[in-house]
Amino acid sequence: MTKNIVAVHDISCVGRCSSTVALPIISAYGIECRLLPTALLSTHTGGFTNFTYLDLTDEMRNIIQAWQELNLHMDGIYSGFMASAEQIDVLKDLIGIYKDANNLAIIDPVMADHGELYSVFDMHFVEKMGELLPYADVLLPNITEACLLTGTPYQEGVQSEAFIEMLIEKLQARGAKNVVLTGVMLDEKYIGAAAARSTGQIDYVLAEKLPGAYHGTGDIFGSVLSAELTNGKTLAAATREAVDFVVKSIKNTPKSADKRYGVEFEQTLKSKRKQGQ
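The structure displayed is predicted, hence computed values, not measured ones.

### Notes on the overall build of the protein
Thinking step 1. Counting its secondary structure elements, the protein contains nine helices and 13 strands.
Thinking step 2. Against the globule reference of 19 Å for 277 residues, the protein gives a C-alpha radius of gyration of 17 Å, in line with a compact fold.
Thinking step 3. In the protein, which comprises 277 residues, the proportion classed as buried is 51%.
Thinking step 4. A separation of at least 24 residues holds for 68% of the contacts in the protein among residues at least 6 apart in sequence.
Thinking step 5. In the form shown here, the protein has an accessible surface area of approximately 12,600 Å², with 50% of it arising from carbon and sulfur atoms.
Thinking step 6. Counting 24 positive and 34 negative side-chain charges, the protein places the centres of these two groups 8 Å from one another.

### So, the environment of glycine 130
Thinking step 1. As for its placement among the helices and strands, glycine 130 is situated in helix α4 (residues 123-130).
Thinking step 2. The buried category is assigned to glycine 130, whose relative accessible area is 3%.
Thinking step 3. Put simply, glycine 130 and leucine 149 are 19 residues apart on the chain and 6.0 Å apart in space, counted from C-alpha to C-alpha.
Thinking step 4. With residues up to four places along the chain from it excluded, the contact list for glycine 130 reads Leu149 and Arg174.

### Some details on the side chain of serine 18
Thinking step 1. Its place among the elements puts serine 18 in the loop between β2 (11-12) and α1 (19-28).
Thinking step 2. Serine 18 sits in the buried class, given a relative accessible area of 4%.
Thinking step 3. With residues up to four places along the chain from it excluded, the contact list for serine 18 reads His9, Asp10 and Asp219.

### Digging into the pattern of salt bridges
Thinking step 1. As enumerated under the stated definition, the model contains 13 salt bridges in all.
Thinking step 2. Close ionic contact of arginine 61 with aspartate 93 constitutes a salt bridge, the shortest N to O distance being 3.5 Å. Remark: aspartate 93 occurs in helix α3 (residues 85-98) and arginine 61 occurs in helix α2 (residues 57-67); sequence separation between them is 32 residues.
Thinking step 3. Between glutamate 208 and lysine 251 there is a salt bridge, with its nearest N and O atoms 3.8 Å apart. Placement of glutamate 208 in strand β13 (residues 202-208) and of lysine 251 in helix α8 (residues 235-251) is noted, with a sequence separation of 43 residues between them.
Thinking step 4. Connected through shared salt-bridge partners, Asp89, Lys92, Lys128 and Glu131 make up one network.

### A short note on the environment of glutamate 188
Thinking step 1. Residue position: glutamate 188 is located in the loop between β11 (178-184) and β12 (190-196).
Thinking step 2. Exposure remark for glutamate 188: the relative accessible area of 60% places this residue in the exposed category.
Thinking step 3. Sequence separation of glutamate 188 and lysine 248 is 60 residues, and the distance between their C-alpha atoms is 19 Å.
Thinking step 4. Excluding residues within four positions of it along the chain, glutamate 188 makes contact with Val158 and Lys209.

### Re the packing of helix α5 (residues 143-150) against helix α6 (residues 161-173)
Thinking step 1. For the pair α5 and α6, the least separation of the axes is 10 Å and the interaxial angle reads 50 degrees. Taken together, the axes of α5 and α6 lie oblique to each other. The way α5 lies across α6 gives a crossing that is left-handed. Only Phe163, Ile164, Leu167, Lys170 and Leu171 of α6 make contact with α5, whose side of the interface consists of Ile143, Ala146, Cys147, Leu149 and Thr150.
Thinking step 2. A breakdown of the residues in the contact of α5 with α6 according to their chemical character gives eight nonpolar, one polar and one charged.

Procedures and definitions
Residues numbered from 1 in each chain as written. Predicted model: local features only at pLDDT ≥ 70, side-chain atom pairs only at ≥ 80, totals over all residues. Heavy atoms only, no water. Helix = DSSP H or I, 4+ residues; strand = E, 2+ residues; numbered from the N terminus. Rg over C-alpha atoms; globule rule 2.2 N^0.38 Å. Buried < 20%, exposed > 50% of the residue type's maximum accessible area, 1.4 Å probe, protein only. Contact = heavy atoms within 4.5 Å. Areas by Shrake-Rupley, 256 points an atom, 1.4 Å probe, with all protein chains shown as cover. Lys, Arg positive; Asp, Glu negative; His and termini not counted. Charge placed at Lys NZ, Arg CZ, Asp CG, Glu CD. Salt bridge = Lys/Arg side-chain N within 4 Å of Asp/Glu carboxyl O. Axes fitted to C-alpha atoms, helices over the stretch in contact; angles between N-to-C directions. Parallel < 35°, antiparallel > 145°, perpendicular 65-115°, else oblique. Left-handed = near helix turned anticlockwise from the far one by under 90°. Nonpolar A, V, L, I, M, F, W, Y, C, P; charged D, E, K, R; others polar.

This is the structure we're talking about:
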């Protein structure tokens, strides 16, 4: 029977991120992607102005209530952008209903990057997001989000292994079981992730640092990782697949492309199909 993941993300109608990334990527890995949308936007919020925005908190609750009549099983729960602090409570309810011993709750605490909190959030939201850590079988923060969640001063640029491991230890002390910390850069040439298991083992999964910054790469990373974990890959192997997929997608994107629209991950999926993977 085909496995499934419920992706709890917004729908940004233009711009490769959130649900428009999760749905095709998770499906391409042979997993049914179910959706619990958090908000509807005309575009994502990075670099676009005058975008429309519809909060779907009430509808999220309606959807979950309707699902409970269907006796559904979820093989994975993968959350991303939460439109409000209230939605964090909705996500807790979802996990409480569908989490069991055989599936994973994979939580990406989307709220900040490059040392700054996204403009739509405040410190109350950060505190509320911290309540999700004990619910996370796998937590997917970037460096900025990890610093905010642990009250640690942000370090720009290259990090030491001691700093990375300190962040991971603090996150696990707050309840996160496994942690995949993204944006890890131990020197100027390589960037990637630190995959930390609940046993204490940490695998550094790095790749060549490419120029430029693109929207949506975190969602691509999380979607590949979630699919591979649900398919039974180890945390280190799933992280390697996710890192490599993002790098290939950036390389498949013309340098002249408008970075607001994300990377051409479709070409990476196309090449994987040709390779029979």
